Amino acid sequence: MNSFKAYLLKEFKEGIRSYKFLIIGVAIIIFAILDPIMLKLLPRILASQSNIALPLDEFIKVSQGAALQNYLKDINQIINIVIIFSLMGILSDEAKEKMLVFPYSKGASKAGIVLGKFTNYAIAISVFLTFGFMINYYYAGVLFPDSFINFRVVLVVVGLSSIYFIFNISLIILLSSVFKKGIWAGMSSIGIIFLLPLLGKILPIKRYLPSYLIDQCNKILALNNITFDYNVLTTILGITIYVIILNVTSIWVMNGKEIA
Amino acid sequence: MIELKELYKKYGSHIVLNGISLDVKKGSVFGFLGHNGAGKSTTMNILTGLINYDSGIVRINGKDMKSNKNEIMKNVGYLPETPKFYPYMNAYEYLSFIGNLSGYSKKEIRNRSKELLKQVKLESAEKRRIGGYSRGMKQRLGLAVSIFNKPEILFLDEPSSALDPEGRREIIEIIQNLKKQDITVFLSTHILNDVERVCDEVVILNDGEIALQGKLNKIKEDYILPVYDIEFENSIENIKELLLKESWIYNIHEKNKLISVYVKDRDTAKKQLLKLVSRFDNPVTSYSMRKSNLEDIFLRVVNKNE
């Protein structure tokens, strides 16, 4: 518990002072603000590019729900990459740079180290996502006032996308414990995170994959109603088990790792 | 206090430690010597639980390392050769981090950090980020970190190699203070002068094997042989060859008109050397005897094994 608390606090400081929180937070917030504005300007930009005299506003109808869906897509793609590259060296860099020598020599628990790091970024990214969606919801509402999305739907989207990112964080931590260089952890994380949805298209395991939560977020935003294809709790339970397995494996890898 | 028996460690096919055994007594300062690649840091890393070993027994305070690693670590301090810190923290924050890891209360952390920062003379720099520290400052902070938990055993890996003479003197003083506090110090160093100043016992490690082990005074008694420095008036051509024919002389160093004669048998040397050099048609302008030091012993032991 001492190691967990010490690393939770240390990671919080590091997140601030090494600008990781700033990079991730700014990426999430910037897209939250810019996405609705870009969607609002899209018809005018297209009109100016193509010299079409037609009123494109009539053809391209954007609602608050569509703006939120667009933001969700950006979060799942660009922000995911930003998070992966910010966290890819979370364990590998510390091991490579021998930063763990003093903590290990003081008997630091590897479970405490791994869980401290995981908890810090799980909380931080969930908080950023909450702010991001709230800001996006507000701006989209201001710019597209014709249709409103139920706020409860947005809260469910925040919850589900946070769970999706919690899985990604535990995956990045595991790969960072396995690889000596952070870049390999980053590249393999990207590969796994973006290829997993394909697996759902090939095999009948779609609802057991983390990406299913993003699919369902899209769906409930489109319907403006909290109804899922299957019981989403099955997916959440599955992800909870994956996260536990990933974290336990990270601890196991760190236990066997020679860091001197 | 520290007991190693038949300790083996290899990386791939390269044997780093080839069955070393040693015993370190409580409260002693134990010098661990050897040239680069001899296996010193590997031994230190095994003793501090940072790396595993292939076979053998490692006991600290009577407890087996493999089954009691975490418990052992609570009573051990380690200063690596190049201590690494989180560069965005300041010295006080890093010590607090170590205090939190070790389960100290906030008050204990504050008091212990202040006490240690004063001891290693980093009080004025405690709020500066460690990333901006000089190597000497990092070494001093590393020492503070290593003794934060008031360890019974302290492992120091080349603690003064990166320091200027002033810094080295300070580290030696700190080690001497630790000895007074009955802390067992396991000191790995290249600086043999430091060993002579603080160590009670030494081990010389060579190619993963122990080449020499014992109390420093006893080793000096057994191994230290006199060196005769003889200066001639004229050039010293052929003198080296002539002297080396004597069985009781084992080495000669020449420099300009000065020769240093290393002897195997001090009694014969006392009687014969002066007679021998007086036969040369080259007047002696000075003749003196000096005691060889630990460095000579080290070189002799290591060269004998090569």
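Residues numbered from 1 in each chain as written. Chains lettered and ligands numbered in written order. Predicted model: local features only at pLDDT ≥ 70, side-chain atom pairs only at ≥ 80, totals over all residues. Heavy atoms only, no water.

Engineer: Residues and numbers for the packing of helix H1 (residues 2-17) of chain A against helix H7 (residues 110-143) of chain A, please.
Structural biologist: Helices that pack against each other are described as a pair by the angle of their axes relative to one another and the distance between those axes. All names here are of chain A. The N-to-C vectors of H1 and H7 enclose an angle of 45°; their axes lie 8 Å apart at closest approach. It follows that H1 is oblique to H7 by the angle criterion. As for the relative orientation of H1 and H7, their crossing is right-handed in sense. Taken together, the residues of H7 that come into contact with H1 (itself represented by Ser3, Phe4, Tyr7, Leu8, Lys10, Glu11, Phe12 and Gly15) are Gly112, Ile113, Leu115, Gly116, Lys117, Thr119, Asn120 and Tyr121. (Axes fitted to C-alpha atoms, helices over the stretch in contact; angles between N-to-C directions. Helix = DSSP H or I, 4+ residues; strand = E, 2+ residues; numbered from the N terminus. Parallel < 35°, antiparallel > 145°, perpendicular 65-115°, else oblique. Left-handed = near helix turned anticlockwise from the far one by under 90°. Contact = heavy atoms within 4.5 Å.)

Engineer: If you had to explain the nonpolar core to someone new, which residues and values would you point to?
Structural biologist: Nonpolar side chains in soluble globular proteins generally cluster together in the buried interior. Residues Phe133 of chain A together with Tyr94, Phe155 and Phe186 of chain B are the most contacted members of the largest nonpolar core, which totals 150 residues. Broken down by element, this core gets its largest block of residues, 14 residues, from helix H8 (residues 151-178) of chain A. (Core = buried A, V, L, I, M, F, W, Y, C linked by side-chain atoms within 4.5 Å. Buried < 20%, exposed > 50% of the residue type's maximum accessible area, 1.4 Å probe, protein only.)

Engineer: Would you mind going over a positive patch on the surface in detail, with residue names and values included?
Structural biologist: Residue and element names in this part refer to chain B. Among the surface-exposed residues, Arg266, Lys270, Lys271, Lys275 and Arg279 lie close enough to one another that they form a single positively charged patch. Among the secondary structure elements, lysine 271 is positioned in helix H10 (residues 266-278). With a relative accessible area of 58%, lysine 271 lands in the exposed category. (Patch = residues over 30% accessible without salt bridge, like charges linked within 9 Å, V, L, I, M, F, W, Y side chains within 5 Å. Areas by Shrake-Rupley, 256 points an atom, 1.4 Å probe, with all protein chains shown as cover. Salt bridge = Lys/Arg side-chain N within 4 Å of Asp/Glu carboxyl O. Lys, Arg positive; Asp, Glu negative; His and termini not counted. Charge placed at Lys NZ, Arg CZ, Asp CG, Glu CD.)

Engineer: Which residues make up helix H2 (residues 65-73) of chain B, and what values go with them?
Structural biologist: An α-helix turns once every 3.6 residues. As a result, residues three or four positions apart point the same way. Every buried residue of H2 of chain B is accounted for by Met65, Ile72 and Met73 of chain B. Along the long axis of H2 of chain B, the arc covered by the buried residues comes to 70°, so they all point the same way. The elements touched by buried residues of H2 of chain B are helix H6 (101-105) of chain A together with helix H1 (40-47), strand E4 (55-60), strand E5 (63-64) and strand E6 (76-79) of chain B. Where H2 of chain B begins, one side-chain oxygen reaches toward the backbone nitrogen of lysine 66 of chain B, 3.2 Å away; that side chain belongs to aspartate 64 of chain B. (Arc of directions from axis to C-beta. Polar contact = N/O pair within 3.5 Å; in protein donor to acceptor, adjacent residues only side chain to side chain.)

Engineer: Tell me about the pairing of strand E12 (residues 249-255) of chain B, residues and numbers included.
Structural biologist: All names here are of chain B. When E12 meets strand E13 (residues 258-263), the two strands line up antiparallel, connected through six bridges. In the sheet register, glutamate 254 faces E13, and the bridge partner there is isoleucine 259. From the end of E12 to the start of E13, which pair antiparallel, there are two residues, and asparagine 256 there has a positive phi angle of about 50°. (Pairing = 2+ DSSP bridges.)

Engineer: Lay out the sheet that holds strand E2 (residues 14-24) of chain B with the relevant residues and their values.
Structural biologist: Residue and element names in this part refer to chain B. Strand order in the open sheet formed by four strands is E2-E1-E4-E5, with antiparallel pairing between adjacent strands. Each edge of the open sheet carries a strand with a single partner, namely E2 and E5. Where strand E1 (residues 2-11) and E2 come together, eight bridges link them in antiparallel fashion. Looking across to E2, one finds that tyrosine 8 is bridged to asparagine 18.

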